[in-house]
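So you can see what is in the structure, the chains are spelled out below.
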Amino acid sequence: MGGILLLGYAAICVVVFRILRVPVNKWTMTTACVGGVVAVGGILLGMDYNQPFTPDARLYFFTTPITPTIQGIVIEVPVTPNAPLKKGDPLFKLDPGPYVAVVDQKKALLAEAEQNVQLLKASYDQAVADVNKSKADQVLAQQTYDRQRELFAKDSAAATTLDTAVRNLETAVQDLAGAEAAADRARLAYASEIGGVNTSVARAEADLTRAQIDLNATTAKAPTDGYVTQLSLRPGMVASPSTPTMVFIHNDANVLKASFSQNVLQRLNVGAEAEIVFDGIPGRVFAGRVTLVSDAIAQGQVQAGGALLDPEERNKSPTRALTRIDILDDLSGYQLPAGATAQVAVYTEHWRWTAIIRRIILRMYAWLNYVV
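What counts as what
Each chain carries its own residue numbering, running from 1 in the written order of its sequence. Only residues with pLDDT of 70 or above have their local features reported here, since the model is predicted, and side-chain atom pairs are shown and tallied only from 80 upward, although totals for entire chains, interfaces and linings are computed over all residues. Only heavy atoms go into the side-chain values, all of them from the structure, while hydrogens and water stay out. To qualify as a helix, a DSSP run of H or I must reach at least 4 residues; to qualify as a strand, a run of E must reach at least 2; elements of each kind are numbered from the N terminus. A helix is expected to span 1.5 Å for every residue after the first. With a 1.4 Å probe rolled over the protein chains alone, any residue whose accessible area is under 20% of its type maximum counts as buried; one over 50% counts as exposed, and the rest are partly exposed. Two joining distances apply to patches: 9 Å for like charges and 5 Å for nonpolar side chains (Val, Leu, Ile, Met, Phe, Trp, Tyr), and every residue must have over 30% relative accessible area and no salt bridge. In this description, accessible areas are obtained by the Shrake-Rupley approach with a 1.4 Å probe, and a residue is regarded as covered only by the protein chains that are shown. One side-chain nitrogen of Lys or Arg within 4 Å of one carboxyl oxygen of Asp or Glu is enough to make a salt bridge. Working definition: rings of Phe, Tyr and Trp (its six-membered ring) pair if their centres are within 6.5 Å, and the pair is stacked with planes under 30 degrees apart, edge-to-face with planes over 60 apart, and tilted otherwise. Should the NZ of a Lys or the CZ of an Arg lie within 6 Å of a ring centre and within 35 degrees of the ring normal, that charge is described as sitting over the ring. For two strands to be treated as a pair, DSSP must find at least two bridges joining them. Here an axis means a line fitted to C-alpha atoms, over the contact stretch when the element is a helix, while the angle between two N-to-C directions is reported on a 0 to 180 degree scale. It is the directions from the helix axis to the C-beta atoms whose arc is reported. Any pair of nitrogen or oxygen atoms within 3.5 Å is treated as a polar contact; in protein, a donor-acceptor pairing is required on top of that, and neighbouring residues in sequence qualify only through side-chain atoms on both sides. The contact definition used throughout considers only heavy atoms, calling two residues in contact when any of these lie within 4.5 Å. Think of a 1 Å grid over just the protein atoms. A cavity is a set of points where a 1.4 Å probe fits yet cannot get out, a pocket is an open set with protein on both sides within 12 Å along at least five of seven lines, and lining residues have an atom within 4 Å of a point. Grid points are joined across faces, edges and corners, and a volume is the space filled by probe spheres set on the points. As used here, the term nonpolar core means buried Ala, Val, Leu, Ile, Met, Phe, Trp, Tyr and Cys residues forming a set that is joined through side-chain atoms within 4.5 Å.

Colleague: Quick question: what am I supposed to make of helix H7 (residues 352-368) here?
Modeller: Residues three or four positions apart in an α-helix share a direction because the helix packs 3.6 residues into each turn. For H7, with 17 residues, the first-to-last C-alpha span of 25 Å sits near the 24 Å given by 1.5 Å per residue. For H7, the complete set of buried residues consists of Thr354, Ala355, Ile357, Arg358, Ile361, Leu362 and Ala366.

Given below as structure tokens:
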């Protein structure tokens, strides 16, 4: 930028001394040199601060690393690099055989659990029946005991008969208590439920659902509309959850972000006019607008840890502030890859006349992209 201004000033000097024939002497030469330093330096300082410029701008895009949630052998990769994909389109398929076997096993265990519920119900019904029988036996033993006691009181029954009735009654009471305990155990086993489903059945259903999820995961699908690039996955390779297999690029609109030196932050305001020059589109200048000035700088972030902050470590390189620029012109007619670099100039209300120089210099950069 300084070189361009110096060339412009040199051209003015040539016009003054060659065309206008101003005498060349130590006074005019001194004036020209000092004037050049003052003029060019003043313009540069004023323009750099009031009309910020950065060569560090880029179109950022969003990606998702595709990592399988299970391990398996790749049997098919139906995608083509850079070909458009819709959400849900298959990206690759793993051998489903082992996971089909697990699903079948879990289905069998679920059927067994459901059958066991019927057995538990039958056991509970039997236990209830045993309780009812024990109650009837106790009632009969009580009646026998009462009758024998009355007869014994009238000297109509022998003592041994009364003793037998007492033992039978005690046995009936014990049998009833045991039957009731067994019925309680059977009831608890049969009535053990979660959300209205027997716990054994619920556990088997959960295992089956997990096995079905793993089986479905043998086919990786596109998370959104987009495409895959630089595809190296091939059938026969082993895919595992520890290693991404490909990078999926979303069709979301790319975001242009530019980094500026911190000394111009007071001139970067949301809504300010901007112009963009892409390295990949020589000779063209596109209109833009500042939509976001980042409130944080990455090198200042602090995370919990066991080490103290080291100021020297954080000051190894100058830090810059990120700004988001919305592109107002249509770029659909240009072949501009995601990640393309650009230069950005932001125009403010301060020293408005320097904005004219900034616009001229930015257009010079655009034309220089044809050769540099």
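On we go from here.
Colleague: Where do I start with a nonpolar patch on the surface in this structure?
Modeller: Judged by side-chain polarity, Trp367, Leu368, Tyr370, Val371 and Val372 come together as a nonpolar surface patch covering roughly 630 Å² of accessible area. When its relative accessible area of 39% is taken as the criterion, Leu368 is described as partly exposed.

Colleague: When you look at the packing of aromatic side chains in this model, what are you seeing that I'm missing?
Modeller: Given two aromatic rings, their pairing is described by the distance between the two centres and the angle made by the two planes. Taken as a whole and assessed by the stated rule, the structure comprises five aromatic pairs. With centroids separated by 5.9 Å and ring planes inclined at 20°, the aromatic side chains of Trp351 and Trp353 adopt a geometry described as stacked. These aromatic residues form a ring-pair network of at least three members: Phe278, Phe286 and Tyr334. The ring of Tyr347 is capped by Arg359, whose NZ or CZ atom sits 4.0 Å from the centre of that ring.

Colleague: Which parts of the structure should I look at to understand the pairing of strand S12 (residues 273-278)?
Modeller: For a regular strand, side-chain orientation follows a simple rule: the groups alternate between the two sheet faces. In terms of burial, S12 is a largely internal element, five of the six residues being buried. In this structure, S12 lies alongside strand S13 (residues 286-293), joined through four bridges in antiparallel fashion. Opposite Glu275, over in S13, you have Ala287 as the bridge partner.

Colleague: Any chance you could explain the sheet that holds strand S10 (residues 246-250) here in plain terms?
Modeller: Strands sit in the order S2-S10-S8 across an open sheet of three strands; the sheet is antiparallel. If you trace the sheet from one side to the other, it starts and ends with strand S2 (63-66) and strand S8 (226-229), each paired once. Averaged over all neighbouring strand pairs, the angle between strand axes comes to 30°, with direction disregarded. Across four bridges, S8 lies against S10 in antiparallel orientation. Opposite Thr229, over in S10, you have Val247 as the bridge partner.

Colleague: In this structure, what is going on with the pattern of salt bridges? I would like to understand it.
Modeller: Think of it this way: side chains of opposite charge can pair up when their charged atoms draw near. Applying the stated criterion across every chain yields a total of seven salt bridges. A salt bridge links Lys93 to Glu76; the nearest nitrogen and oxygen atoms lie 3.8 Å apart. On the criterion of sequence distance, the pair formed by Lys93 in strand S4 (residues 90-94) and Glu76 in strand S3 (residues 72-76) is long-range, its members being 17 residues apart. With a relative accessible area of 35%, Glu76 lands in the partly exposed category.

Colleague: Teacher, can you tell me more about helix H5 (residues 199-216) here?
Modeller: For H5, spanning 18 residues, the distance from its first C-alpha to its last is 25 Å, which sits close to the expected 26 Å at 1.5 Å a residue. By the burial criterion, the buried members of H5 are Val201, Ala204, Leu208, Ala211, Asp214 and Leu215. Along the long axis of H5, the arc covered by the buried residues comes to 145°, so they all point the same way.

Colleague: I tried to follow the side chain of Glu275 on my own but got confused; where do I start?
Modeller: Of note, Glu275 is situated in strand S12. A polar atom in the side chain of Glu275 sits 2.7 Å from the side chain of Tyr347. Side chain to side chain, Glu275 and Arg359 meet in a polar contact 3.1 Å long. Beyond its immediate stretch of four places on either side in the chain, Glu275 contacts Val285, Phe286, Gln343, Val344, Ala345, Tyr347, Arg359, Leu362 and Arg363.

Colleague: Is there a simple way to think about the layout of surface pockets in this case?
Modeller: It is a probe the size of a water molecule, rolled over the atoms, that shows where empty space is left. One number sums up the size of the largest pocket: a volume of about 300 Å³. Looking at the largest pocket, it is lined by 16 residues, and the ones nearest its centre are Leu59, Ala253, Asn254, Ile327 and Leu331. Those elements giving two or more residues to the lining of the largest pocket turn out to be strand S11 (255-261) and strand S14 (320-327). No other element matches the four residues that S14 contributes to the lining of the largest pocket.

Colleague: Looking at this structure, I do not really get the nonpolar core. What am I missing?
Modeller: The nonpolar side chains of a soluble globular protein tend to be buried with one another. Counting 28 residues, the largest nonpolar core has Leu91, Phe92 and Met246 as its most contacted members. Residues within four places of Met246 in sequence aside, it is in contact with Thr64, Pro65, Ile66, Leu91, Phe92, Val228, Leu231 and Leu233. Counting 22 residues, the second largest nonpolar core, distinct from the first, contains Val264, Ile325, Leu331 and Leu336.

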